[in-house]
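Topology and contacts: notes
For reference, the chains in residue letters:
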Amino acid sequence: MIMIKRIPLILLLNAAGLALFLSWFLPVNHGFWLPLDTGIFHFFNQQLVKSQAFLWLVAITNNRAFDGCSLLAMGGLMLSFWLKEDATGRRRIIIIGLVMLLTAVVINQLAQGLMPVKRSSPTLSFPDVYRVSELLHISTKDASKDSFPGDHGMMLLIFSAFMLRYFGKKAFFIGLMIVVVFAFPRVMIGAHWLTDIAVGSLSAVLIGLPWCLMTPLSDRLIAVFDRYLPGRRNKIKTNN
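Now for a look at the structure at hand. (Residues numbered from 1 in each chain as written. Predicted model: local features only at pLDDT ≥ 70, side-chain atom pairs only at ≥ 80, totals over all residues. Heavy atoms only, no water.)

A closer look at the overall build of the chain
A count of helices and strands for the chain gives 11 helices and zero strands. Counting from the amino terminus, the chain carries its helices and strands in the arrangement α-α-α-α-α-α-α-α-α-α-α. In terms of overall size, the chain behaves like a compact globule, its C-alpha atoms giving a radius of gyration of 20 Å where 240 residues would be expected to give roughly 18 Å. Its C-alpha atoms give the chain principal-axis dimensions of roughly 60 × 40 × 30 Å. Residue burial in the chain is summarised as follows: out of 240 residues, 45% are buried. In the chain, of all internal contacts separated by at least 6 residues, the share reaching a separation of at least 24 is 79%. Counting only carbon and sulfur atoms, one obtains 68% of the accessible surface of the chain, whose full area is about 12600 Å². Of the charged side chains in the chain, 23 are positive and 12 negative; the average position of the first set lies 12 Å away from that of the second. (Helix = DSSP H or I, 4+ residues; strand = E, 2+ residues; numbered from the N terminus. Rg over C-alpha atoms; globule rule 2.2 N^0.38 Å. Buried < 20%, exposed > 50% of the residue type's maximum accessible area, 1.4 Å probe, protein only. Contact = heavy atoms within 4.5 Å. Areas by Shrake-Rupley, 256 points an atom, 1.4 Å probe, with all protein chains shown as cover. Lys, Arg positive; Asp, Glu negative; His and termini not counted. Charge placed at Lys NZ, Arg CZ, Asp CG, Glu CD.)

Written out as structure tokens, the structure is:
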């Protein structure tokens, strides 16, 4: 009965995701999105040679080690809840993390396979642009041959949604801050267009994720993991 009541909202979120994607995909040269994309890229690209501090900032925040910091941030948020729980609650939080990871992999693979888009990052799309790896000669992600949709941004958005579903609004807003801090540097360095995340990642999440979190699917997956993973003591509770 609860799921039936949620179907209209699920379909509304799906429609919003589809409309968002089509607003970018259908217009010639992507309509109003193209000037926004190019303007943001060129603004930040010029800053690379105007400010040494900014150059180092985007270089560091797009280093692979900084991706580890995003995992630490997400793990730290979940740890704050894990520490407050008993053994059963801690097991549940670990399993939620596993289900979240599985969901992210599935949605990302479906989005990559079903979205009829393949485009290079802005650093590979314009001539005579600045690239951080050439300015500093250090390891950093400043280009991608297939940047749409942004898989890094997608994972962070899925994490935020799981926070809302299982840990509440406060955790959700913290999750959104993590999205901004760890996804936007990809845009500043030119490895992604803004729309790789704001359209590609978000539309995929709006279309795919409600069928997991707003139906019994995620709770059932948690129950299956709880049943078959070693170390089970008591049956964990799921949220309705």
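So, unusual backbone geometry
Between F148 and the following residue, P149, the backbone shows a cis peptide bond with an omega angle of -10°. Residue N29 is not a glycine yet carries a positive backbone phi of 55°. Along the chain, the position of N29 falls in the loop between α1 (2–25) and α2 (33–50). Judged by relative accessible area, N29 falls into the exposed class, the value being 56%. Of note, the phi angle at H137 is positive, near 60°, even though the residue is not glycine.

Examining the environment of T103
Structurally, T103 can be placed in helix α5 (residues 87–114). Judged by its relative accessible area of 8%, T103 falls in the buried class. Setting aside residues no more than four positions away along its own chain, T103 makes contact with F162, L209 and C212.

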